[in-house]
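Topology and contacts: notes
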Amino acid sequence: MEPSLILKALSNDTRRQILFWLKHPEQYFDETPYLEHGLTIKVGACVSDIQNLTGLAQSVVSSYLCTMQKAGLLEAERVGKWTFYRRNEKTIQAFAEYVRTEL
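These notes cover the structure that comes with them. As the structure is a computational prediction, the values presented were derived from the model and not from experiment.

It is worth spelling out the pairing of strand 3 (residues 82-87) at this point. Two elements, strand 1 (residues 45-46) and strand 3, share two bridges in a ladder whose sense is antiparallel. Paired with Cys46 across the two strands is Phe84, which belongs to strand 3. In the sheet, strand 2 (residues 74-79) pairs with strand 3 via six bridges, with the strands oriented antiparallel. In the strand pairing of strand 3, Arg78 is matched with Thr83. Between strand 2 and strand 3, which pair antiparallel and follow one another directly, the connecting turn spans two residues, one of which, Gly80, has a positive phi of 60°.

A few words on the pattern of salt bridges. In the structure shown here, the tally under the stated rule is five salt bridges. With a closest N to O distance of 3.1 Å, Glu77 and Arg86 form a salt bridge. Its relative accessible area of 32% is what places Glu77 among the partly exposed residues. For Arg86, a relative accessible area of 24% gives the class partly exposed. In this structure, the salt-bridge partner of Arg100 is Glu97, at a minimum N-O distance of 2.8 Å. With Arg100 and Glu97 both in helix 7 (residues 89-102) and three residues apart, the pair spans about one turn of that helix. Of the residues examined, Glu97 reaches a relative accessible area of 37% and is grouped as partly exposed.

A few words now on the packing of aromatic side chains. Evaluation of the coordinates by the stated rule reveals three aromatic pairs. Each ring, one from Tyr34 and one from Phe84, has its centre 5.6 Å from the other, and the planes form 55°; the classification is tilted. In this pair, Tyr34 is assigned in helix 4 (residues 32-36) and Phe84 in strand 3, connecting sequence segments 50 residues apart. Each member of the pair Tyr34 and Phe84 is classed as buried.

Calculation criteria
Residues numbered from 1 in each chain as written. Predicted model: local features only at pLDDT ≥ 70, side-chain atom pairs only at ≥ 80, totals over all residues. Heavy atoms only, no water. Pairing = 2+ DSSP bridges. Helix = DSSP H or I, 4+ residues; strand = E, 2+ residues; numbered from the N terminus. Salt bridge = Lys/Arg side-chain N within 4 Å of Asp/Glu carboxyl O. Buried < 20%, exposed > 50% of the residue type's maximum accessible area, 1.4 Å probe, protein only. Phe/Tyr/Trp six-rings, centres within 6.5 Å; stacked < 30°, edge-to-face > 60°.

Below is the structure:
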């Protein structure tokens, strides 16, 4: 865990909003298309679904997701032509502990 990368990732409102949505993806993303492909929302949310919620360009959303993945806040899983993102709870908990004990 690199706190400086996490702090940078969390410095953007939209990136924080994405993390919030991914905390309870069943509340923010339609699971129907996932089920049609034999998946559940537990695999994560695809870039296009996240993009639709943000209203930003796909390239911007992809850049945000990459920043959060590099910081360890997200995990990505490729299924066919889609990439699904979900929270990395282990890193989030480690960062929370770091904040609690070090800052």
